[in-house]
Amino acid sequence: MHDYWLLRQYPNEIYKGIQLVCGCIKFDKVVLATKDISGLEFPGDIDIVEVPGFYPIGAERILIENTLKIKLPHDVIPANAGILVLNVQTLLSVYEAVYLNRKADSKYITVANLNKKQARVLKVKLGSKISEIANAVYPGEGPIFTGGGLMAARRIDDNEEVIRTTNFIAISQFPYYKESVLCSKCAICVRKCPSGLEVYKIAELVDNNNLDAVSKYNIKKCISCGTCSYYCLAGRNLSYKMKIAKEYR
Ligand code: SF4
Ligand code: SF4
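Residues numbered from 1 in each chain as written. Chains lettered and ligands numbered in written order. Predicted model: local features only at pLDDT ≥ 70, side-chain atom pairs only at ≥ 80, totals over all residues. Heavy atoms only, no water.

Quick notes on the overall build of the protein chain
Then, in step 1: Counting its regular elements, the protein chain contains 9 helices and 7 strands.
Then, in step 2: The globule rule puts the C-alpha radius of gyration for 249 residues at 18 Å, and the 20 Å found for the protein chain is close to it.
Then, in step 3: Each principal axis of the C-alpha distribution contributes one length, and for the protein chain these read about 55 × 50 × 35 Å.
Then, in step 4: In the protein chain, which comprises 249 residues, the proportion classed as buried is 37%.
Then, in step 5: Counted over contacts in the protein chain with a minimum sequence separation of 6, partners at least 24 positions apart contribute 56%.
Then, in step 6: Total accessible area on the protein chain is roughly 15,100 Å²; 52% of this is exposed by carbon and sulfur atoms.
Then, in step 7: The average position of the 33 basic charges and that of the 25 acidic charges among the side chains of the protein chain differ by 3 Å. (Helix = DSSP H or I, 4+ residues; strand = E, 2+ residues; numbered from the N terminus. Rg over C-alpha atoms; globule rule 2.2 N^0.38 Å. Buried < 20%, exposed > 50% of the residue type's maximum accessible area, 1.4 Å probe, protein only. Contact = heavy atoms within 4.5 Å. Areas by Shrake-Rupley, 256 points an atom, 1.4 Å probe, with all protein chains shown as cover. Lys, Arg positive; Asp, Glu negative; His and termini not counted. Charge placed at Lys NZ, Arg CZ, Asp CG, Glu CD.)

What follows is the structure, encoded as structure tokens:
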């Protein structure tokens with residue numbers, strides 16, 4: 001929710017942040033990609049593009065593909081292809097650093113109570129305790145989750161703090177989750193994987209502890225989005241298996 005909110009709350013400051021970056025690096029064009037363009041007004045030198053609302057549209061390569069129609073090979077870093085992807089919050093921080101001499105020692109996050117379908121945007125200091133923020137906003141409402149991406153949410157550790165990659169704090173009931181060991185080979189995980197990975201085959205190798213054989217499946221393309229786990233009809237924790245495969249050397 002906070003990126004949507006920032007774009008409407010601080011458009012002039014974000015635009016000045018864009019100008020500052022463009023003063024350092026010469027770009028052919030600047031594109032503002034967002035899922036909802038309603039009510040947005042930016043000067044004409046910015047192309048505003050409405051991107052589809054699927055997850056994980058915010059992943060760098062997927063955003064580039066949907067916005068610029070450029071499919072980058074997985075081993076090419078976007079900046080090396082002349083494409084810089086910045087979040088609106090980063091642009092706001094650039095503005096605040098240069099114009100207001102402010103340190104980037106805090107960040108905007110979304111704090112949501114999923115039990116009551118309520119949410120708000122907060123600016124919090126890096127290093128703040130997540131449990132204290134959650135209890136201050138929605139006291140005693142249940143288990144607390146956090147994460148960088150929507151489907152990579154996890155329950156917080158007791159003393160966990162806000163770090164640069166913290167995007168949200170969510171209060172919710174613990175989801176019912178029953179993992180099956182059986183795979184029907186329906187291949188939904190393959191069809192839904194935004195990186196085009198043969199997910200169930202890799203998961204099978206991990207289950208069989210045959211990690212040497214994973215190397216032929218390009219596991220580095222996995223962006224840890226969690227989509228495969230979400231769609232698996234057998235409730236298999238596929239993204240965890242992908243993590244094991246990725247970390248294996
Ligand atoms: S979605 Fe689940 S059940 Fe279907 S092939 Fe993938 S791992 Fe197997
Ligand atoms: S987490 Fe799953 S769906 Fe997402 S990129 Fe990795 S293998 Fe594909």
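That covers the picture; the talk isn't over yet.
Considering helix α5 (residues 130-137)
Then, in step 1: Among the residues of α5, those classed as buried are Ile130, Ser131, Ile133, Ala134 and Val137. Down the axis of α5, the buried set is contained in an arc of 160 degrees. They therefore lie on one face. Among the exposed residues of α5, those oriented more than 90 degrees off its buried face are Glu132 and Ala136. (Arc of directions from axis to C-beta.)

A closer look at helix α1 (residues 2-9)
Then, in step 1: Turning to α1, its buried residues number three or more, namely His2, Leu6 and Leu7. Looking down the long axis of α1, one finds its buried residues gathered within 135 degrees of arc, a one-sided arrangement.
Then, in step 2: The inward-facing, buried residues of α1 abut α2 (11-24), β1 (30-34), α4 (88-100), β3 (106-113) and β4 (118-125).

Points about the packing of aromatic side chains
Then, in step 1: This structure, assessed with the given rule, holds 6 aromatic pairs.
Then, in step 2: Geometrically, the ring pair formed by Trp5 and Tyr10 is edge-to-face, given 6.1 Å between the ring centres and 80 degrees between the ring planes.
Then, in step 3: Pairing Trp5 with Tyr108 gives two aromatic rings, centres 5.9 Å apart and planes at 45 degrees, and the pair type is tilted. Highlighted residues: Trp5 in helix α1 and Tyr108 in strand β3, separated in sequence by 103 residues.
Then, in step 4: With a relative accessible area of 31%, Trp5 lands in the partly exposed category.
Then, in step 5: Its relative accessible area of 7% is what places Tyr108 among the buried residues.
Then, in step 6: Through pairs of rings, three or more aromatic residues link up here, namely Trp5, Tyr10 and Tyr108.
Then, in step 7: Taking NZ or CZ as reference, Arg8 lies 3.7 Å from the ring centre of Tyr4, over its face.
Then, in step 8: Over the face of the ring belonging to Tyr231 we find Lys192, whose NZ or CZ atom lies 4.6 Å from the ring centre. (Phe/Tyr/Trp six-rings, centres within 6.5 Å; stacked < 30°, edge-to-face > 60°. Lys NZ or Arg CZ within 6 Å of the ring centre and 35° of its normal.)

Brief notes about the site of ligand 1
Then, in step 1: If you check the shell around ligand 1, you find Cys183, Ser184, Lys185, Cys186, Ala187, Cys189, Tyr200, Cys232, Arg236 and Leu238 and nothing else.
Then, in step 2: For the shell around ligand 1, the per-class residue count stands at 7 nonpolar, 1 polar and 2 charged. (Near = heavy atom within 4 Å. Nonpolar A, V, L, I, M, F, W, Y, C, P; charged D, E, K, R; others polar.)

A look at the pairing of β4
Then, in step 1: In this sheet, β4 lies alongside β3 in antiparallel orientation, the contact comprising 8 bridges. Looking across to β4, one finds that Lys107 is bridged to Val124.
Then, in step 2: The loop that links β3 with its antiparallel partner β4 comprises 4 residues; one of these, Lys117, has a positive phi angle of about 55 degrees. (Pairing = 2+ DSSP bridges.)

So, the pattern of salt bridges
Then, in step 1: This structure, assessed with the given rule, holds 12 salt bridges.
Then, in step 2: Taking the shortest distance from any N to any O, the salt bridge between Lys125 and Asp105 comes out at 3.3 Å. Here Lys125, found in strand β4, pairs with Asp105, found in the loop between α4 and β3; they are 20 residues apart in sequence, far enough to count as distant.
Then, in step 3: Of the charged contacts in the structure, one is a salt bridge between Lys241 and Asp207, with a shortest N-O distance of 3.0 Å. Note that Lys241 is positioned in helix α9 (residues 238-247) and Asp207 in helix α7 (residues 199-207), a separation of 34 residues in sequence.
Then, in step 4: Overall, Lys241 belongs to the buried group, its relative accessible area being 10%.
Then, in step 5: On the accessibility criterion, Asp207 (40% relative accessible area) is partly exposed.
Then, in step 6: Salt bridges here are not isolated pairs; linked through shared partners, they connect Glu179, Asp207, Arg236 and Lys241. (Salt bridge = Lys/Arg side-chain N within 4 Å of Asp/Glu carboxyl O.)

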